[in-house]
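Report on the structure
Residues per chain are reported as follows:
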Amino acid sequence: MFWSCGHCNNVKNQKKYQKGILDCCKTDPEEHIYFRLIDDEVSVAARQESDSFSGLTAELVNEVFNMKNTGMRVCKSDSRLKKLNFEMNVLYDYLEEIRKTPNSKVTLRKLKALLRRETAFAAFKRCYVREHIKEYPQLEQYIT
């Protein structure tokens, strides 16, 4: 996994993660991990408990969002959670819009952009849509 800040890199540099986490250049983390925001709490878990690389990677992501054992980690975790909440709320707003007007080309374009892998917190947004695909079948093409 690639991290872009000192906080995340500091968490990743712990000895326990040297055992092996997913290499996102070779393996798509979205295929092996559930990324969820539930009631203002980040929950990341391996899709298969027996997959040690995915399990360790999920543990790492959980720590990045939830570890609050120092003042800086409290600040960084809270900031990251606030940004994730913002991104998810934007997604929820557009999903509500597409529910009301399922054929809106403008809303579909906005959702397509939001669900791109390059966007902030893409794994969380894409996982949410995957888990609710029956409600939004027109979005399946954007998460495959």
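It should be emphasised that the depicted structure is a prediction, and the values quoted were computed from it without experimental measurement.

A few words on the packing of helix α3 (residues 71-100) against helix α5 (residues 122-131). Running from amino to carboxyl end, α3 crosses α5 at an angle of 35°, the nearest separation of the two axes being 10 Å. Judged by the twist between their axes, the crossing of α3 over α5 is right-handed. Contact residues: α3 offers L84, E87, M88, L91, Y92 and L95, while α5 offers F124, K125, Y128 and V129. Class assignment of the residues belonging to the contact of α3 with α5 gives a composition of eight nonpolar, no polar and two charged.

Our next topic: helix α2 (residues 52-66). When the terminal C-alpha atoms of α2 are compared, their 20 Å separation across 15 residues agrees well with the 21 Å that a helix rising 1.5 Å per residue should span. Residues S54, L56, T57, A58, L60, V61, N62, E63, V64 and F65 constitute the buried set of α2. Where α2 begins, the side chain of D51 points an oxygen toward the backbone nitrogen of F53, at a separation of 3.3 Å.

For the structure on display, the rule yields four aromatic pairs. With centroids separated by 5.5 Å and ring planes inclined at 70°, the aromatic side chains of F35 and F124 adopt a geometry described as edge-to-face. Of this pair, F35 sits in strand β1 (residues 33-38) while F124 sits in helix α5; the two residues are 89 residues apart in sequence, bridging distant segments of the chain. On the accessibility criterion, F35 (6% relative accessible area) is buried. One residue, R36, lies across the ring of Y34, its end atom 4.2 Å from the ring centre.

In contact at an axis separation of 10 Å, α3 and helix α4 (residues 105-114) are set at 150° when each is read in the N-to-C sense. Classified by the angle between their axes, α3 and α4 sit roughly antiparallel to one another. Handedness of the α3/α4 crossing: left-handed. Residues E87, V90, L91, Y94, L95, E97 and I98 of α3 touch α4, and the partners they reach there are T107, L108, K110, L111 and L114. The residue makeup of the contact of α3 with α4, split by class, is eight nonpolar, one polar and three charged.

Cut-offs used in this document
Residues numbered from 1 in each chain as written. Predicted model: local features only at pLDDT ≥ 70, side-chain atom pairs only at ≥ 80, totals over all residues. Heavy atoms only, no water. Axes fitted to C-alpha atoms, helices over the stretch in contact; angles between N-to-C directions. Helix = DSSP H or I, 4+ residues; strand = E, 2+ residues; numbered from the N terminus. Left-handed = near helix turned anticlockwise from the far one by under 90°. Contact = heavy atoms within 4.5 Å. Nonpolar A, V, L, I, M, F, W, Y, C, P; charged D, E, K, R; others polar. Expected span 1.5 Å × (residues − 1). Buried < 20%, exposed > 50% of the residue type's maximum accessible area, 1.4 Å probe, protein only. Polar contact = N/O pair within 3.5 Å; in protein donor to acceptor, adjacent residues only side chain to side chain. Phe/Tyr/Trp six-rings, centres within 6.5 Å; stacked < 30°, edge-to-face > 60°. Lys NZ or Arg CZ within 6 Å of the ring centre and 35° of its normal. Parallel < 35°, antiparallel > 145°, perpendicular 65-115°, else oblique.

So, to be careful, I would describe these as geometric facts and stop short of saying anything about function.
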